[in-house]
Each structure stands twice: as C-alpha cells, then as structure tokens.
Amino acid sequence: MHRFFNLFTLVFLSSSAGLVQANYDLLQQKNCFACHYMDKRKYGPNFKEISAKYAKDSSAEELLTKKIKAGGAGVWGEDMMPPQPQVSDAEARVIAKYVLSLK
Ligand code: HEC
C-alpha cells in the first residue's frame, strides 16, 4: 500500500499543478513538522532558511537526500536530527528537491 502511494506521489509530481501540494503532504506524512516549520524556527531550522543556505551549492541535492534519511548534527547548531527510517531513498530525493525549490 505504501509502495503504491509513493508511486502515486511521484506520478502526481510530474504534473506541475500537483508539485507543491504533493511534497508538502509528504513532509506531513513523514512527520517532519514535528521539528521543522516552513518559515519559522522550531527545534530544527525552517525549510526556507535551509533552501536559502544551499541556494548556490550544486551538491546540495545529494547532501540533503542523504541527511534527510541519516540525520546528523553540527550544521545548524548543537541539536541533532535523528535518522528517519520511514523515508525511502526516492522520497528523500523528492523532499530534498522540494526543500531546495522553496523561496
Ligand atoms: C526530532 C527532530 C527532527 C525531525 C523529526 C526531523 N528533523 Fe530535520 N533537522 C533537525 C535538526 C535539529 C536539524 C539540524 C541538524 C544540524 O544542525 O546538522 C535538522 C536539519 C534538517 C535539514 C538540513 C540539513 C543540513 O545539513 O543543512 C533538512 C533538509 C531536514 N532536517 C529535513 C528533515 C525532513 C525532510 C524531515 C522529515 C523526514 C526531518 N528533517 C525530520 C531535527 C529534526
């Protein structure tokens, strides 16, 4: 069922009308909003400041795809992001692209 839904999400993504909503839903489903807001600080950095930080970094998509699954600390301060095993590689990449597209 999950696998089917992911496929649906990816197909949905290819229509530009669905782009923002599908990714936002994914963040919600994967519980990212427990620690992140879109545009103000919560426990973790907000998604818009993350996008701004990496705006000129061409390796950011790879970096964030890995970090979204593995978690880590030391980039934004002392707080640590735990690993997110509920996120697949494909989902992590979709999320990384989405976060980096935020303005
Ligand atoms: C328990 C709290 C928590 C949860 C849940 C969480 N994060 Fe984080 N996240 C953090 C913290 C804290 C940081 C800052 C880590 C650092 O300074 O390296 C962070 C950093 C990030 C970064 C920036 C990484 C960097 O190196 O600049 C991204 C992107 C991110 N999180 C995405 C997500 C996504 C997507 C989810 C949901 C799948 C998620 N986070 C769930 C706490 C959390």
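Procedures and definitions
By convention here, each chain's residues receive numbers from 1 onward along its written sequence. A pLDDT threshold of at least 70 governs which residues receive local features in this predicted model, and a stricter bar of 80 or more applies before side-chain atom pairs are shown or counted, although totals over entire chains, interfaces and linings include all residues. To get the side-chain values, all heavy atoms of the structure are used, and hydrogens and water are removed first. When the centres of two rings from Phe, Tyr and Trp lie within 6.5 Å, Trp using its six-membered ring, the rings pair. Their planes under 30 degrees apart give stacked, over 60 give edge-to-face, and anything left gives tilted. Exposure is judged per residue with a 1.4 Å probe applied to protein chains only, and the accessible area is read against the type maximum: over 50% gives exposed, under 20% gives buried, and values in between give partly exposed. Segments assigned H or I by DSSP are reported as helices when at least four residues long, segments assigned E as strands when at least two residues long, and all are numbered from the N terminus. Charge-over-ring contacts are defined here by two conditions on Lys NZ or Arg CZ: a distance within 6 Å of the ring centre and an angle within 35 degrees of the ring normal. Here a residue is considered near a molecule or strand provided that any single heavy atom belonging to it is located within 4 Å of it. We call two N or O atoms a polar contact when they sit within 3.5 Å, provided that within protein one can donate a hydrogen and the other can accept it, with sequence-adjacent residues counted only if both atoms are side-chain atoms. Amino acids are sorted into nonpolar (Ala, Val, Leu, Ile, Met, Phe, Trp, Tyr, Cys and Pro), charged (Asp, Glu, Lys and Arg) and polar (every other residue, Gly among them).

J.: How would you sum up the packing of aromatic side chains? Please name residues and give values.
T.: The description of an aromatic ring pair uses the distance of the two centres, along with the angle that the planes make with each other. Tallied over the entire structure, the rule returns two aromatic pairs. Note on tyrosine 24 and phenylalanine 33: the rings are 5.1 Å apart at their centroids and 40 degrees apart in plane angle, and the pair reads as tilted. For tyrosine 24, a relative accessible area of 29% corresponds to the partly exposed category. By relative accessible area, phenylalanine 33 is classed as buried at 17%. Seen in terms of ring centroids, phenylalanine 33 and phenylalanine 47 are 6.2 Å apart; in terms of plane orientation they differ by 70 degrees. Their pairing is edge-to-face. You can see phenylalanine 33 sitting in the loop between α2 (19–29) and α3 (47–53) and its partner phenylalanine 47 sitting in helix α3, a full 14 residues away along the chain. The structure contains a cluster of three or more aromatic residues connected by ring pairs, namely Tyr24, Phe33 and Phe47. Sitting over the face of the ring of tyrosine 37, lysine 40 holds its NZ or CZ atom 4.6 Å from the ring centroid. The lysine or arginine in question, lysine 53, covers the ring of tryptophan 76, its NZ or CZ lying 5.3 Å from the ring centre.

J.: I'd love a proper account of the site of the ligand, names of residues and values included.
T.: The full set close to the ligand counts 28 residues, and Cys32, Cys35, His36, Tyr54 and Met81 are the nearest of them. A distance of 2.8 Å separates a nitrogen atom of the ligand from a polar atom in the side chain of histidine 36. At a separation of 2.5 Å, an oxygen atom of the ligand approaches a polar side-chain atom of lysine 67. Contributions of two or more residues to the shell around the ligand are made by α3, α4 (60–70), β1 (72–73) and β2 (80–81). At three residues, α4 tops the list of elements feeding residues into the shell around the ligand. When its residues are assigned to classes, the shell around the ligand shows 18 nonpolar, seven polar and three charged.

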